[in-house]
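Residues per chain are reported as follows:
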Amino acid sequence: MDRHLLPRSEVVGLDVGLMSTLRTNARVVRALGARSIRQTFRRPQLMAPILVFPTLLLAIQTGGAGGAVNLPGFPPVHSFLQFMLAGAMMQSLMLAGNSGGIALAVDIEMGFTDRLFAAPIPRYTIVLGRLAGTAALGLFASLWFLAIGLVFGATIESGVPGALIAIVLVTSTAMAVGGIGAAIALRTGSASVVQGLFPLVLVVLFLSSAFFPNELMIQPAKAIAEYNPLSFVVEGVRGPIVSGVDAAELLEAVLAILGIVALGLALSVRALRHRLRVG
Amino acid sequence: MPAIVVEQLERAFDEVFAVRGVDLEVDEGEIYGFLGPNGAGKTTTVRMLTTLLLPTGGRATVAGHDVVREARAVRASIGVALQEAALDPLMTGRELIRLQATLQGLPGAEGKRRADDLLERVDLVAAADRRVGTYSGGMQRRLDLAAALVHEPRVLFLDEPTTGLDPVSRKTIWEEVRKLNDEGTTVFLTTQYLEEADRLADNVGIIDEGTIVAAGTPEALKAQIGNPHIQLQLAEGSIAKAEEACGQLGRLLPPRDARTLLVEVENGAADIPKVVRALDEAGIAIESLELVKPTLDDVFVAKTGHHLEKKVPTTSSAPANA
């Protein structure tokens, strides 16, 4: 075969072993993740929902409904702010996932994904790159709200290990939720459709234990919140902040995250196939 | 060995065929101009050849690799600059080329070196760290071209690279394409501009309604048409009468608009007096007159019955292949 017509890897004799391939793919995911983060910070309309709205809501709720901690049946906490930190983080990561979906849909609309699809990279790296960016935003959000909590007097009962557990859970949930946002973006290719899911994100959040304890909810919201996977994640994040690490709670949170990851992955793979089929 | 081979390529969307039975072959090192009006099937063909869209029939190989079964090898061998420059307005030019280098598997240092070289090549060094959203249309196309070249592809696909550009920017792109080709890159260029295909392409394929209607070198295609034609600008409303007056003097070509009469003549300039006399006797005023040698548009008209750059249905002559 003519040398000019060989793929580059064969021409320059690159190592095509598994490790080399994984390293190359990891570089692609890192580069796409970095782009995703830059994109969010450079587009204020993507950044606002991730930090500004949850921070404002946290301030309003803590200031206006702080007395809720005295209600009979409210779990034992030092302050309403301490209780609300997990909710604010969940809101932030959910909106980060939604913003990631919007950004991917914008990429599809302006043809940027064609640039990615025409490159010799596995298609999954395109989705993983986007999710890596969303996960980084989740990490940033968890640090932001933990810092706010500490500045305004909330304590983290299980100390640094508890804070690390909360950070890991929030970061991985951001990635998991981002998978669902990415799937919807890939399926519809429309930023306005993904943006239209914004109210739904809030409904899902309010029908969990993010902002109010399950014990004080009334039916049918109580039943929905009990089985809402986000409630398990919320409790997994909240536990180390308000009391201590509970292994069963932590396990439930991890399983819930894995469930969301599986759903997001399945939907993303399906949507990616559809997009490649219809061009 | 040909760089691109396409055999009976088809793509249907539901029941509608965007591309139907396309055959073509592009030799290594040539510029192939894929010419056709909007909606003819050019972009759909390019999307299949660049692995962005699965064909529903036929087969194609690019750089020796099947576009369906060996898609990844195809992607490693090609550079692609699509119709609308697919650029992120929030990235800087340098960031975009560095990202493209990573996507093509170049190590960091090599990617940086290639980005610097390419930015210089397309004269974007001064704007390299500005966001792409602040670039002019011409700058964006040059950046898109640079990104497509980052891995030194053997085959370069350019989908309407100059559409919407001003003449100066268009000329810059043409010069760059010619230079790339001189360096050995095979170029598959789609265009709806006759001049672009005529000036750049070694071989041309003309596509209309998803089917190749003519193929060959621009000179050979124009030679098939043979005769020049007289183009007359007439007063509004006098076309029908003029067609009647000139019908016996030569073949009437489909009118481009309501005031232009095109008469194909056998003897070139020598036939002008006859035409002028006929119109004068019919009492039709001529506003302007020009003898036009065959162009690729004439080839297109002969094959399809309508003009390339502005479709006007034929009323007075049938397409040669109809």
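Every residue gets a number counted from 1 within its own chain, in the order that chain's sequence is written. Naming scheme: in the order in which they are written, chains are lettered from A and ligands are numbered from 1. Predicted model: local features are reported for residues with pLDDT of at least 70 only, side-chain atom pairs are reported and counted for 80 or more only, and whole-chain, interface and lining totals are derived from all residues.

1. Here we look at the overall build of chain A
Scanning chain A from terminus to terminus reveals 12 helices and zero strands. For chain A, the succession of helices and strands along the chain, N to C, is α-α-α-α-α-α-α-α-α-α-α-α. We take the radius of gyration over the C-alpha atoms and set the globule estimate at 2.2 Å times the residue count to the 0.38 power. For a compact globule of 279 residues, the expected C-alpha radius of gyration is about 19 Å, and chain A comes in at 21 Å, within 12% of that figure. Between the buried cut of 20 or more and the exposed cut of 12 or fewer other C-beta atoms within 10 Å of a residue's own C-beta lies the partly exposed class, and all C-beta atoms are placed from the backbone. Burial statistics for chain A: of 279 residues in total, 44% are counted as buried. Secondary structure elements follow DSSP: runs of H or I of four or more residues count as helices, runs of E of two or more count as strands, with numbering from the N terminus.

2. Remarks on the overall build of chain B
The helix and strand tally for chain B stands at 11 helices and 14 strands. Along the longest, intermediate and shortest principal axes, the C-alpha atoms of chain B span 75 × 45 × 35 Å. Relative to its full complement of 322 residues, chain B shows a buried share of 50%. A pair of residues counts as a contact when their C-beta atoms, built from backbone coordinates, are within 7 Å of each other. The long-range share in chain B, meaning contacts at least 24 apart out of those at least 6 apart in sequence, stands at 66%.

3. Points about the interface of chain A and chain B
Opposite the 28 residues of chain A that make contact, chain B presents 29 residues. Going through the elements one at a time, α1 (8-11), α2 (18-42) and α5 (112-117) of chain A are the ones with two or more residues in the side of chain A that touches chain B. The element best represented in the side of chain A that touches chain B is α2 of chain A, accounting for seven residues. When residues are sorted by character, Ala, Val, Leu, Ile, Met, Phe, Trp, Tyr, Cys and Pro go into the nonpolar class, Asp, Glu, Lys and Arg into the charged class, and all the rest, Gly among them, into the polar class. Taken together, the residues that form the side of chain A that touches chain B break down as 13 nonpolar, six polar and nine charged.

4. Examining the pairing of strand β11 (residues 229-234) of chain B
Residues and elements named next belong to chain B. Being paired, for any two strands, means DSSP has found at least two bridges between them. Judged from the five bridges that link them, β11 and strand β13 (residues 260-264) form a sheet pairing that is antiparallel. Of the residues in β13, the one forming a bridge with Gln233 is Thr260. Pairing of β11 with strand β14 (residues 286-292), which is carried by six bridges, proceeds in the antiparallel orientation. Among the inter-strand pairings, Gln233 is bridged to a residue of β14, identified as Ser288.

5. Things to note about the pairing of strand β7 (residues 155-159) of chain B
The side chains of a regular strand alternate, residue by residue, between the two faces of the sheet. Residue and element names in this part refer to chain B. Summarising burial for β7: five of the five residues are buried, a large majority. Burial along β7 is two-sided: the residues Val155, Phe157 and Asp159 and Leu156 and Leu158 are all buried. When strand β6 (residues 78-81) meets β7, the two strands line up parallel, connected through four bridges. Bridge assignment links Ala81 to a residue of β7, and that residue is Leu158. Pairing between β7 and strand β8 (residues 186-191): five bridges, direction parallel. Among the inter-strand pairings, Phe157 is bridged to a residue of β8, identified as Phe188.

6. As for the domain arrangement of chain B
Residue and element names in this part refer to chain B. Per the domain assignment, the segments of chain B are domain 1 (2-216) and domain 2 (223-304). The gap between the C-alpha centroids of domain 1 and domain 2 is 38 Å. Taken residue by residue, the interface counts nine residues in domain 1 and seven residues in domain 2. Along the lines of polarity and charge, the residues of the side of domain 1 that touches domain 2 split into seven nonpolar, no polar and two charged. Domain ranges listed in this record stem from an automatic or a database domain assignment.

7. Re helix α3 (residues 93-103) of chain B
Where burial is concerned, most of α3 of chain B is hidden: 11 out of the 11 residues are buried. Of all the residues in α3 of chain B, the buried ones are Gly93, Arg94, Glu95, Leu96, Ile97, Arg98, Leu99, Gln100, Ala101, Thr102 and Leu103 of chain B. On its buried face, α3 of chain B is in contact with α2 and α5 of chain A together with α4 (108-121) and α5 (137-148) of chain B. Looking one or two residues beyond α3 of chain B, the residue adopting positive phi is Gly105 of chain B, at roughly 80°.

8. Focus on the confidence of the model for chain A
All names here are of chain A. Overall, the predicted model of chain A reaches an average pLDDT of 85, with 94% of residues at or above 70. Values of pLDDT, the confidence the predictor places in each residue, fall between 0 and 100. Mean pLDDT values for the elements of chain A range from 47 in α1 up to 92 in helix α11 (residues 229-242). Residue range residues 1-14 is modelled with pLDDT below 50. Its contacts to residues more than four positions away, or to other chains, number 19 contacts.

9. Some words on the confidence of the model for chain B
Residue and element names in this part refer to chain B. For chain B, the average pLDDT comes to 87, and 95% of its residues sit at 70 or higher. Model confidence for chain B, summarised as mean pLDDT per element, is weakest for helix α11 (residues 296-304) at 80 and strongest for strand β5 (residues 65-66) at 96. Confidence drops under a pLDDT of 50 for residues 311-322, and excluding neighbours within four residues, the segment shows 29 contacts in the predicted structure. For this predicted complex, the interface confidence comes out at an ipTM of 0.78, alongside a pTM of 0.77.

10. A few points about the sheet that holds strand β3 (residues 31-35) of chain B
The pairing of strands in a sheet happens through backbone hydrogen bonds and is either parallel or antiparallel. All names here are of chain B. On the basis of which strands lie adjacent, the open sheet formed by six strands has the order β6-β7-β8-β3-β9-β10 and mixed pairing. The sheet terminates laterally at β6 and β10 (211-216), the two strands that pair on one side only. Going across the sheet, the axis of each strand differs from the next one's by a mean of 15°, ignoring polarity. In this sheet, strand β9 (residues 203-208) lies alongside β3 in parallel orientation, the contact comprising four bridges. The partner of Phe34 across the bridge, within β9, is Gly205. Axis lines are fitted through C-alpha atoms, for helices just across the contact stretch, and the angle between N-to-C directions can take any value from 0 to 180 degrees. The sheet strands contacting α5 are β6 and β7, and the helix crosses β6 at an angle near 165°.

11. Quick look at the nonpolar core
For our purposes the nonpolar core covers buried Ala, Val, Leu, Ile, Met, Phe, Trp, Tyr and Cys residues that link as a set through C-beta atoms within 7 Å. Counting 169 residues, the largest nonpolar core has Met89, Met90 and Val233 of chain A together with Leu189 of chain B as the members making the most contacts within it. When residues of this core are sorted by domain, at least three fall in each of domain 1 (2-216) and domain 2 (223-304) of chain B. Setting aside residues no more than four positions away along its own chain, Val233 of chain A makes contact with Met90, Leu169, Thr173, Ala253, Ala256 and Ile257 of chain A.

12. Description of α11 of chain A
Any helix carries an expected span of 1.5 Å times its number of residues minus one. Counted at 1.5 Å a residue, the expected span for α11 of chain A with its 14 residues is 20 Å, and the 20 Å between its end C-alpha atoms agrees. Counting buried positions over the 14 residues of α11 of chain A gives 14, a clear majority of the element.

13. Structural notes on the packing of α3 of chain B against α5 of chain B
All names here are of chain B. Contact geometry for α3 and α5: axes closest at 9 Å, N-to-C directions at 25°. In terms of axis orientation, α3 runs roughly parallel to α5. Every pair of crossing elements has a handedness; the one defined by α3 and α5 is right-handed. On the side of α3, the interface is formed by Gly93, Leu96, Ile97 and Gln100, while α5 contributes Leu143, Ala146 and Ala147. Residues belonging to the contact of α3 with α5 are distributed by class as follows: five nonpolar, two polar and no charged. When an angle is under 35 degrees it counts as roughly parallel; over 145 it counts as roughly antiparallel; between 65 and 115 it counts as roughly perpendicular; any other value is oblique. For any helix crossing, the convention is left-handed if the near helix is rotated counterclockwise from the far helix by under a right angle, and right-handed if that rotation is clockwise.

14. Focus: the packing of α5 of chain B against helix α6 (residues 167-182) of chain B
Geometrically, a packed helix pair is captured by the angle between its two axes and the distance between the axes. All names here are of chain B. Interaxial distance between α5 and α6 falls to 9 Å at its minimum, and their mutual angle equals 15°. Considering the angle they form, α5 stands roughly parallel to α6. Here α5 and α6 pass one another in a crossing that is right-handed. Contact with α5, carried on its side by Gly137, Gly138, Arg141 and Leu145, involves Ser169, Thr172, Ile173 and Glu176 of α6 and no other residues of that element.

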